[in-house]
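Observations on chain architecture
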Amino acid sequence: QVQLVESGGGLVQTGGSLRVSCAASGRTFDIYRMGWFRQAPGKEREFVAAINWNALNTNYADSVKGRFTTSRDNVKNTVYLQMTSLKPEDTAVYYCAADSRNTYVINIPAGYDSWGQGTQVTVSS
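Treat the numbers as computed from the prediction; the structure is a model and nothing was measured.

1. As for the overall build of the protein chain
For the protein chain, the helix and strand inventory stands at zero helices and eleven strands. Starting at the N terminus and walking to the C terminus, you meet the elements of the protein chain as β-β-β-β-β-β-β-β-β-β-β. Here the C-alpha atoms of the protein chain give a radius of gyration of 13 Å, agreeing with the 14 Å that 2.2 N^0.38 yields for 125 residues. Taken along its principal axes, the extent of the C-alpha atoms in the protein chain is 40 × 30 × 25 Å. Here the protein chain has roughly 6300 Å² of accessible surface; of this, 48% comes from carbon and sulfur atoms. Across the protein chain, 12 positive and 10 negative side-chain charges occur, with their mean positions spaced 3 Å apart.

This is the structure:
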């Protein structure tokens, strides 16, 4: 089993930057891919970004492409989501997730089997 702990959310003004971290522990050798999702009040959880555990491939939602970057620290078993040029519509609870089944399903929650607790990101206008 994989455990995920997120940190780094907060309040930022429009145009600002924020970095969210996700530390993985447990059976990290089972992980094929890490994903980032977000969920705003009253909305479904939506895909933000994903990175293969070997960090060779990344994928991004069109809404964040060019503004968000996901990366991985191999030594710390930590994945990061660097967010820049933030907009009020980026306000949401951000979740990291791990795929240890190699589902090849990148952009929907069902493709992941472990989840972090979520961290709130609020962008003020």
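2. Concerning the state of the cysteines
What the rule picks out here adds up to one disulfide. Cysteine 22 shares a disulfide with cysteine 96; S-S distance 2.1 Å. Because the torsion about its S-S bond is 65 degrees, the bridge between cysteine 22 and cysteine 96 counts as right-handed. Here cysteine 22 is found in strand β3 (residues 18-26), whereas its partner cysteine 96 is found in strand β9 (residues 92-99), with 74 residues between them in sequence.

3. Considering the nonpolar core
Ranked by internal contacts, the top residues of the largest apolar core, which has 34 residues, are Met34, Trp36 and Met83. Secondary-structure elements contributing two or more residues to this core are β1 (2-7), β3, β4 (33-39), β5 (46-52), β8 (78-83), β9 and β11 (119-124). The contacts of methionine 83, once residues within four sequence positions are left out, are Gly16, Ser17, Leu18, Val20, Arg67, Phe68, Tyr94 and Val121.

Rules behind the numbers
Residues numbered from 1 in each chain as written. Predicted model: local features only at pLDDT ≥ 70, side-chain atom pairs only at ≥ 80, totals over all residues. Heavy atoms only, no water. Helix = DSSP H or I, 4+ residues; strand = E, 2+ residues; numbered from the N terminus. Rg over C-alpha atoms; globule rule 2.2 N^0.38 Å. Areas by Shrake-Rupley, 256 points an atom, 1.4 Å probe, with all protein chains shown as cover. Lys, Arg positive; Asp, Glu negative; His and termini not counted. Charge placed at Lys NZ, Arg CZ, Asp CG, Glu CD. Disulfide = S-S within 2.5 Å. Core = buried A, V, L, I, M, F, W, Y, C linked by side-chain atoms within 4.5 Å. Buried < 20%, exposed > 50% of the residue type's maximum accessible area, 1.4 Å probe, protein only. Contact = heavy atoms within 4.5 Å.

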